[in-house]
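Here is what each chain is made of, one letter per residue.
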Amino acid sequence: MLYLKPANFEDLDSEYEYVKEMPIDENGLTNEYFGISKEDFEKIALPKMINWSKGIDLPEGFVPETFFFLWNMDSFEKKELVGQFRIRHYLVPSLREGSGHIGYQIKKEHRGKGFASEGLRLAVIEAKKILSQYGENEIYLRCNITNPASLAVMKKNGAVVHHQDDKHYFT
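Residues numbered from 1 in each chain as written. Predicted model: local features only at pLDDT ≥ 70, side-chain atom pairs only at ≥ 80, totals over all residues. Heavy atoms only, no water.

1. A few points about the pairing of strand β4 (residues 65–73)
So, point 1. In terms of burial, β4 is a largely internal element, nine of the nine residues being buried.
So, point 2. Across five bridges, strand β1 (residues 2–6) lies against β4 in antiparallel orientation. The residue of β4 that forms the bridge with Leu-2 is Asn-72. (Buried < 20%, exposed > 50% of the residue type's maximum accessible area, 1.4 Å probe, protein only. Helix = DSSP H or I, 4+ residues; strand = E, 2+ residues; numbered from the N terminus. Pairing = 2+ DSSP bridges.)

2. Regarding the packing of helix α4 (residues 115–132) against helix α5 (residues 148–156)
So, point 1. Running from N to C, α4 and α5 point in directions that differ by 45°, and their axes come no closer than 9 Å. Here α5 runs oblique to α4, going by the angle between their axes. When you trace α4 past α5, the crossing you get is right-handed. Where α4 approaches α5, its residues Ala-116, Ser-117 and Leu-120 are matched on the opposing element by Val-153, Met-154 and Lys-156.
So, point 2. Taken together, the residues of the contact of α4 with α5 sort by class into four nonpolar, one polar and one charged. (Axes fitted to C-alpha atoms, helices over the stretch in contact; angles between N-to-C directions. Parallel < 35°, antiparallel > 145°, perpendicular 65-115°, else oblique. Left-handed = near helix turned anticlockwise from the far one by under 90°. Contact = heavy atoms within 4.5 Å. Nonpolar A, V, L, I, M, F, W, Y, C, P; charged D, E, K, R; others polar.)

3. Considerations on the packing of aromatic side chains
So, point 1. For the structure shown, the criterion picks out five aromatic pairs.
So, point 2. Summarising the aromatic geometry, the rings of Trp-52 and Phe-62 are spaced 5.3 Å apart at their centres and angled 65° between planes, so their arrangement reads as edge-to-face. Taken as a pair, Trp-52 in helix α2 (residues 38–53) and Phe-62 in the loop between α2 and β4 lie far apart in primary sequence, 10 residues in all.
So, point 3. Residue class for Trp-52 comes out buried when judged on its relative accessible area of 6%.
So, point 4. Among the residues examined, Phe-62 registers a relative accessible area of 45% and is labelled partly exposed.
So, point 5. An angle of 45° between the planes, with centres 5.0 Å apart, marks the rings of Tyr-90 and Tyr-134 as tilted. (Phe/Tyr/Trp six-rings, centres within 6.5 Å; stacked < 30°, edge-to-face > 60°.)

4. Digging into the pattern of salt bridges
So, point 1. This structure, assessed with the given rule, holds 11 salt bridges.
So, point 2. Put simply, Asp-11 and Lys-5 hold a salt bridge, and the shortest N to O gap is 2.9 Å. Summarising the burial analysis for this pair, Asp-11 and Lys-5 share the class buried.
So, point 3. For Lys-38, the salt bridge goes to Asp-13, with nearest N and O atoms at 2.4 Å. (Salt bridge = Lys/Arg side-chain N within 4 Å of Asp/Glu carboxyl O.)

5. Digging into unusual backbone geometry
So, point 1. Of note, Asp-57 is a non-glycine position whose phi angle comes to about 60°, a positive value.
So, point 2. Within the secondary structure, Asp-57 sits in the loop between α2 and β4.
So, point 3. Assessed through its relative accessible area of 62%, Asp-57 is described here as exposed.

6. Quick word on the sheet that holds strand β6 (residues 102–106)
So, point 1. Pairing within the open sheet is antiparallel, and its four strands lie in the order β1-β4-β5-β6. Only two strands of the sheet have a single partner each, and these edge strands are β1 and β6. Taken over all neighbouring pairs, the strand axes of this sheet differ in orientation by 25° on average, direction set aside.
So, point 2. Here β4 pairs with strand β5 (residues 79–88) via nine bridges, running antiparallel. Considered in β5, the bridge of Thr-66 is made with Ile-87.

7. Description of the packing of helix α1 (residues 12–21) against α2
So, point 1. Packing of α1 against α2 leaves a shortest axis separation of 11 Å and a crossing angle of 95°. Accordingly, the angle class assigned to the pair α1 and α2 is roughly perpendicular. Taken together, the residues of α2 that come into contact with α1 (itself represented by Leu-12, Asp-13, Glu-15, Tyr-16 and Val-19) are Lys-38, Phe-41, Glu-42, Leu-46 and Met-49.
So, point 2. For the contact of α1 with α2, the class distribution of residues is six nonpolar, no polar and four charged.

This is the structure we're talking about:
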């Protein structure tokens, strides 16, 4: 069973291990915390993730963004963190022609197992709840042209290509 859970202190150890290993930039989803120490994750990064979801301490030009982690619980009740999804609460022009509402990443060893498709389905449900508070009713996503698997995940979840440039599909 897969489920999304917002960044939180209860799962600090697993979130830390995931974030510190997540590449700095993988197919367009950036991670400023690659290689971070556990102390800095606990005292700086995780509080920042939680605050940003509430619109607190946002840098100029940023919008509220909720960090969700995708968990897989097997039939033996073993939990494993397999991905990260970020939902931006509304779009400003730079996001509308940039990264859109949702960004995501699945650990390499879990790709090709349907986790991205199911995770995005769950993220779309969460995004609809969040976006409706801001009067937005469409969800925009972007993926690199060199990442056809991500485009397939988006299409599986009902996305259509709105337009493209030489580097990206915008759905």
